[in-house]
Amino acid sequence: MSETPPLLTVRDLRVSYRTRRSTVDAVRGASLTVPAGETVALVGESGSGKSTVGLAVLGLLPEGAEPVTGSIALGGRELVGLPDRELRGVRGREIGFVPQDPKASLNPVQRVGAQVAEGLRIHRLVDSRAEAARRAEELLADAGLPEPARVAQRFPHELSGGMCQRVLIAIALAGQPRLLVADEPTSALDVTVQRRILDHLAEVTRDAGTGLLLITHDLAVAAERAERIAVMSAGRVVEEGPSARVIGAPAHAYTRELVAAAPSMAAPAAPAAAVRAEGPETLLAVEDLRKVFQVRLPNGGRERVAAVDGVSFTLERGGSLGIVGESGSGKSTTAQLLLRLDRPDSGRVVLDGVDLATVRPARLRRLRRDIQPVFQDAYGSLDPTFTVEEAIAEPLAAFGVGGRAERVAELLDLVRLPSTTRGRRPTELSGGQRQRVCIARALALTPRLLVLDEPVSALDVSVQAGILALLARLREELGLSYVFISHDLAVVRQVCDRVVVMRRGKVVESGPVAEVFAEPRHPYTRELLAAIPGGLRAPAPAVTAGTANAAIPQEKRLT
Amino acid sequence: MPMTVTDTDTDTDTAGTAEATGAPQEREHAARARIGAALRGTARRPWLLLAALYLGLVLAWTVAPGVFAHQDPLLTDASRGLRPPGAEHWFGTDNLGRDLYSRVVHGTRTSLVAGLLAVALALVVGSVLGALAGYLGGWIDQVLMRVVEVLIIIPGLLLSLAVVSILGFGTTNVAIAVGIAGIPGFARVVRAEVLRIKGSAYVQAAVTSGRRTPAILLRHIVPNASPPVLVLAALDIGGAVLSIAALSFLGYGAAPPAPELGAMVSQGRDYMSTAWWLTTFPGLTIALVVLSTSRIARALERSGVSS
């Protein structure tokens, strides 16, 4: 393998973007190689420049990028400085691209078959329209889509996210490229769909001997799927090597940090709820909750869909309950019902003996003190016109609580934000800081229950680890209870002591986290657990030492 | 070891902070740089600059017409009738010997005040209706929006004509009529903005914070909905001035001899072949007001006047 020249060689790549006020160096000296038939993962956090590297390889840098310096060689041919006319011949024909957002990356007014055929026609790989259509169907079938002839006639909005991603893979492979660049190909997809897409990509690259540059923020995906990993930080590739070594024995401090921060199924589980002398006491009891939405069908008809369909669970004081499920499982609707932002069609939400579903509005407003939310989109949940101080003080103002300035200072301290952030607006904060502000606001009225709807999914892993540690500490110090909604089972395992698995509005399984994750009874739970990248299924003793899988627990045990 | 993890995050966050804001002096410096850049940007767009200068002049005419036009716009002097533009009478004189320049200056004032009044009326009433429809939803929304749709179907000028024939003639009534025709546009824009903001997570957070509806409307929805609405208002000023001039042209506006641009164009029509200046100068003044306001409103729209 080492004898043959690598398929793609990137050497000392530098890319800068011109902004109105200054020049930003996005990539400052990145070097990596992708051998033919191998998968190389380019890992880094947001802003590390990993996507820019992918775009530079494709020659698709946006306007405002300064000319690239360094070298990008594909099979010995230098791509940097190549005129755009010649690059057009390379793109699609020699390098395929699988973009991140499957829904946004297809033309909404064109049938998907035509979009696959477009690449074939541009590169004159087919002679006639009929042949292009036939070949497009073959490609869709190769991409693992059932009934390719029918799918080819569909518009993108008629397909699911996973199907759209398969269409994009078909487009990328239409020209039988030697190299495939996949920029976060599965980040927008559910974990079970992610697994199938990644399996498919692995199969295709193995069969055709295509090199794959897999750009991802997810270290577990990289560890599972790539032969080699390149870690990027602040525009530089800080470490590159075989996956097992990079994960198992990271040489660079930043890589160690990333590995340590990655939530894993082997990390220590959350402590059980503090058992009180008088025994567990129920704080929240949800009984047979139901919410039905009317959905308009494409053909003009209407359909009633039960988003939440007979959900019941209880949460004891000081406990932490995880709700897991994929998109469309009804977990976020459940959160809306718990917070009474929406009214359930039937069922009860009993908080401390009071049914929130039927309580009168004035009483409900007073009860809101006890149950506070933290949403996924920290940026969207802060009013852009408010300063941090105004945002945190808002619940206090709503209930006319005095001494707000001192309370805000106290809360900032509690969530470990410097007092200098008081006067800032949300745009001036980082993602992690914004989520801390949201947590401070939720804590302002000293609630008993926090409903956290995917509070860390939008954050980078190292920031995520910080927020999770904060949540764990707050729960312990303030005796809070959590309802923690997440699609990420590893995170739930870290934070929660009980878990509810939801699918299509129904609870399919529930119980203590350790039990459910170790011995899942429902097939859906098993599928979810199996789909976790890295295959870290519970404390599996079968993991061979020295592999990437074993390395994470070793690293993690230190924490 | 969990401590280590926390520290890491704090580090990352503080790094972001330093980058985001920095010391107050730096911020001030940045603000000054931004103003400088804005000025340079304006200089690079001469039409925008001209539009702003022209509107500045027109506003000055409106505030203090006496400073700009020393002659009485109503003073007739039959011996000086229909003089062409010259040093003594910049824009010439009309058939009764009145100085056209000072009539244009005073007439602009009438038209512009009426236009602002019309837009203010449309803005206030339209915003209230749109906000109510958007926030409360349900049957209120249905009823209000159906009414707005009916109003939108009727051509604006026709609607204004109908209203003014009910209210009676006069500049104020014309302004009210034009304002009423502008209400549907504002109601729809405000409703759309309110719907967008109502669905946002920060409004949900405010609800769970225990905020009452009026407070949410006042503190969250109005400030966040205002930028696009204000751009629409700026765009509408030109159109309102034009509509008012049109209605005055038709004779619904200010009663003679009071100067009003539309009425002046109408009166000048009789002398079109002999005295071109009678229609040209008032007409040009209206056209330039409309063009300038729309040029400036477009610039505002593009810069996104974000809060």
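Because the structure is predicted, anything quoted here is derived from the model rather than measured.

### Comments concerning the overall build of chain A
Looking only at helices and strands, chain A has 20 helices and 20 strands in total. The C-alpha atoms of chain A give 25 Å as radius of gyration, which agrees with the globular expectation for 559 residues (24 Å, within 12%). Oriented by its inertia axes, the alpha-carbon framework of chain A measures out at about 75 × 55 × 55 Å. Burial analysis of chain A (559 residues in total) assigns 50% to the buried set. Of the contacts formed within chain A by residues at least 6 apart in sequence, a portion of 69% connects residues at least 24 apart.

### What about the overall build of chain B?
Assigned secondary structure in chain B consists of 12 helices and zero strands. Counting from the amino terminus, helix and strand elements in chain B follow one another as α-α-α-α-α-α-α-α-α-α-α-α.

### With respect to the pairing of strand 16 (residues 371-374) of chain A
Residue and element names in this part refer to chain A. Neither face of strand 16 is open: one carries Ile371 and Pro373, the other Gln372 and Val374, and all of them are buried. Relative to strand 17 (residues 449-453), strand 16 runs parallel, the two sharing four bridges. Bridge pairing links proline 373 to valine 451 in strand 17.

### Re the pairing of strand 4 (residues 69-74) of chain A
Residue and element names in this part refer to chain A. Two elements, strand 1 (residues 8-18) and strand 4, share five bridges in a ladder whose sense is antiparallel. Within the sheet, the bridge partner assigned to leucine 8 lies in strand 4 and is leucine 74. Of the pairings in the sheet, the one linking strand 4 to strand 5 (residues 77-78) comprises two bridges and is antiparallel in character. Paired with leucine 74 across the bridge in strand 5 is arginine 77.

### Remarks on unusual backbone geometry
In this structure, aspartate 12 of chain A takes a positive phi of about 50 degrees despite not being glycine. Take aspartate 12 of chain A: it is sitting in strand 1.

### A few points about the confidence of the model for chain B
Residue and element names in this part refer to chain B. On average, chain B scores 84 in pLDDT, and the residues at 70 or more come to 85%. Throughout residues 1-23 the model reports pLDDT below 50, and contacts reaching past four residues in sequence, or to other chains, amount to 39 contacts. Scoring of the predicted complex yields 0.76 for pTM and 0.73 for ipTM.

### Thoughts on the domain arrangement of chain A
Residue and element names in this part refer to chain A. Segmentation of chain A into domains returns domain 1 (1-94 + 178-261), domain 2 (104-176) and domain 3 (282-381 + 448-531). Averaged C-alpha coordinates put domain 1 and domain 2 at centres separated by 25 Å. Contacts between the two partners involve 12 residues from domain 1, matched on the other side by 13 residues from domain 2. When residues in the side of domain 1 that touches domain 2 are grouped by element, the largest group, six residues, is from helix 7 (residues 191-208). Among the residues making up the side of domain 1 that touches domain 2, the classes are represented as nine nonpolar, two polar and one charged.

### Looking at the sheet that holds strand 5 of chain A
Strand pairing in a sheet relies on backbone hydrogen bonds, with the paired strands running either antiparallel or parallel. Residue and element names in this part refer to chain A. The four strands are arranged 2-1-4-5 in an open sheet whose pairing can be described as antiparallel. Looking at the sheet topology across the chains shown, the edges are occupied by strand 2 (23-34) and strand 5. Strands strand 1, strand 2 and strand 4 of the sheet are contacted by helix 1 (residues 50-58), whose axis makes an angle of about 110 degrees with strand 1.

### A few points about the sheet that holds strand 14 (residues 346-351) of chain A
Residues and elements named next belong to chain A. With respect to topology, four strands assemble into an open sheet ordered 12-11-14-15, the strand pairing being antiparallel. Single-partner strands in this sheet number two, and they are strand 12 (302-316) and strand 15 (354-355). Where strand 14 lies against strand 15, two bridges are found, and the strand directions are antiparallel. By the bridge assignment, leucine 351 is partnered in strand 15 with valine 354. Helix-sheet contacts for helix 11 (residues 331-338) involve strand 11 (282-296), strand 12 and strand 14, and the interaxial angle to strand 12 is about 65 degrees.

### A few points about the packing of helix 13 (residues 388-398) of chain A against helix 15 (residues 431-443) of chain A
Residues and elements named next belong to chain A. Following both chains from N to C, one finds helix 13 and helix 15 inclined at 30 degrees, their axes separated by 7 Å at the closest point. With respect to their mutual orientation, helix 13 and helix 15 come out roughly parallel. In terms of crossing hand, the pair formed by helix 13 and helix 15 is right-handed. From helix 13, Val388, Ala391, Ile392, Glu394 and Pro395 reach across to helix 15, where they touch Val437, Ala440 and Arg441.

### Overview of helix 8 (residues 171-198) of chain B
All names here are of chain B. Between its terminal C-alpha atoms helix 8 stretches 39 Å, which fits the 40 Å expected from 28 residues at 1.5 Å a residue. At glycine 182, helix 8 is deflected by roughly 35 degrees, the largest bend along its length, and proline proline 184 occurs up to four residues later in sequence. Within helix 8, 21 of the 28 residues are buried, leaving the element largely enclosed by the surrounding structure.

### Here's the deal with the nonpolar core
Within the largest apolar cluster, 225 residues are counted, with the highest numbers of intra-cluster contacts made by Leu42, Val167, Leu213 and Val483 of chain A. The dominant element in this core, judged by the number of residues it contributes, is helix 10 (residues 213-249) of chain B, at 16 residues. If we ignore the near neighbours within four places in the chain, the residues touching leucine 42 of chain A are Leu32, Lys50, Val53, Leu213, Leu214, Ile215, Ala230 and Met232 of chain A.

### Re helix 16 (residues 461-478) of chain A
Between the first and last C-alpha of helix 16 of chain A there are 25 Å, a value that for 18 residues agrees with the 26 Å anticipated at 1.5 Å per step. Following helix 16 of chain A by one or two positions, glycine 479 of chain A has its phi on the positive side, about 60 degrees.

### Some points on the environment of threonine 110 of chain B
Residues and elements named next belong to chain B. Assignment of secondary structure puts threonine 110 in helix 5 (residues 100-136). With 24 C-beta atoms packed within 10 Å, threonine 110 lands in the buried category. Taking C-alpha positions, threonine 110 is 9.1 Å from alanine 258, a pair spaced 148 residues apart along the chain. When residues no more than four places from it in sequence are discounted, the contact partners of threonine 110 are Thr171, Ala254, Ala258, Pro259 and Glu260.

### Here's the deal with the environment of arginine 368 of chain A
Within the element layout of this structure, arginine 368 of chain A appears in the loop between helix 12 (361-367) and strand 16. Sequence separation of arginine 368 of chain A and valine 237 of chain A is 131 residues, and the distance between their C-alpha atoms is 48 Å. Setting aside residues up to four positions removed in sequence, arginine 368 of chain A forms contacts with Thr208 and Gly210 of chain B.

### Points about the packing of helix 3 (residues 112-122) of chain A against helix 6 (residues 161-173) of chain A
All names here are of chain A. Taken N-terminus to C-terminus, the directions of helix 3 and helix 6 make an angle of 20 degrees; their axes are 8 Å apart at the nearest point. Between helix 3 and helix 6, the interaxial angle falls into the category roughly parallel. Crossing of helix 3 over helix 6 shows right-handed handedness. Note on element contacts: helix 6 touches helix 3 through Val167, Ala170 and Ile171, opposite Val112, Gln115, Val116 and Gly119. Here the residues of the contact of helix 3 with helix 6 sort into five nonpolar, two polar and no charged.

### Digging into the confidence of the model for chain A
A residue-level look at chain A finds 91% of positions with pLDDT of 70 or above and a mean pLDDT of 84. Note on residues 535-559 of chain A: pLDDT under 50 across the span, and 45 contacts to partners over four residues away in sequence or across chains.

### Overview of the environment of leucine 13 of chain A
Residues and elements named next belong to chain A. Relative to the elements of secondary structure, leucine 13 occurs in strand 1. As a C-alpha pair, leucine 13 and glycine 70 span 57 residues in sequence and 4.4 Å in three-dimensional space. Among residues more than four places away in sequence, those in contact with leucine 13 are Val27, Ala30, Val53, Ala56, Val68, Gly70 and Ile72.

Criteria and thresholds
- Counting from 1, residues in each chain are numbered in the order their sequence is written.
- Here the convention is simple: chains get letters from A, ligands get numbers from 1, in the order in which they are written.
- Totals for whole chains, interfaces and linings use all residues, but because this is a predicted model, local features are given only for residues with pLDDT of at least 70 and pairs of side-chain atoms are given and counted only at 80 or more.
- By the criteria applied, helices consist of DSSP H or I runs no shorter than four residues and strands consist of E runs no shorter than two, each listed in order from the N terminus.
- For this measure, only C-alpha atoms enter the radius of gyration; the expected value for a globule follows 2.2 Å times N^0.38, where N is the number of residues.
- Burial in this document is a count-based property: other C-beta atoms within 10 Å of a residue's C-beta are tallied, and the residue is buried at 20 or more, exposed at 12 or fewer, or partly exposed in between, with C-beta positions derived from the backbone.
- Once C-beta atoms have been placed from the backbone, residue pairs whose C-beta atoms lie within 7 Å are recorded as contacts.
- Pairing between strands is defined by DSSP: at least two bridges between the two strands are required.
- Across the chain, each position has a pLDDT score giving the predictor's confidence in that residue, from 0 to 100.
- The split of the chain into domains comes from an automatic or database domain assignment.
- In the scheme used here, Gly and all other residues not listed as nonpolar or charged are polar, with Ala, Val, Leu, Ile, Met, Phe, Trp, Tyr, Cys and Pro taken as nonpolar and Asp, Glu, Lys and Arg as charged.
- Orientation is described by axes fitted as lines to C-alpha atoms, over the contacting stretch for helices, and by angles from 0 to 180 degrees between their N-to-C directions.
- Put simply, angles under 35 degrees are roughly parallel, angles over 145 are roughly antiparallel, angles from 65 to 115 are roughly perpendicular, and the rest are oblique.
- By definition, any crossing whose near helix is turned counterclockwise from its far helix by less than a right angle is left-handed, and any crossing with a clockwise turn is right-handed.
- One less than the residue count of a helix, multiplied by 1.5 Å, gives the span that helix is expected to have.
- Note that the bend at a residue is defined as the angle between axes fitted to the seven residues ending at it and the seven residues starting at it.
- Nonpolar cores are identified as sets of buried Ala, Val, Leu, Ile, Met, Phe, Trp, Tyr and Cys residues joined via C-beta atoms within 7 Å.

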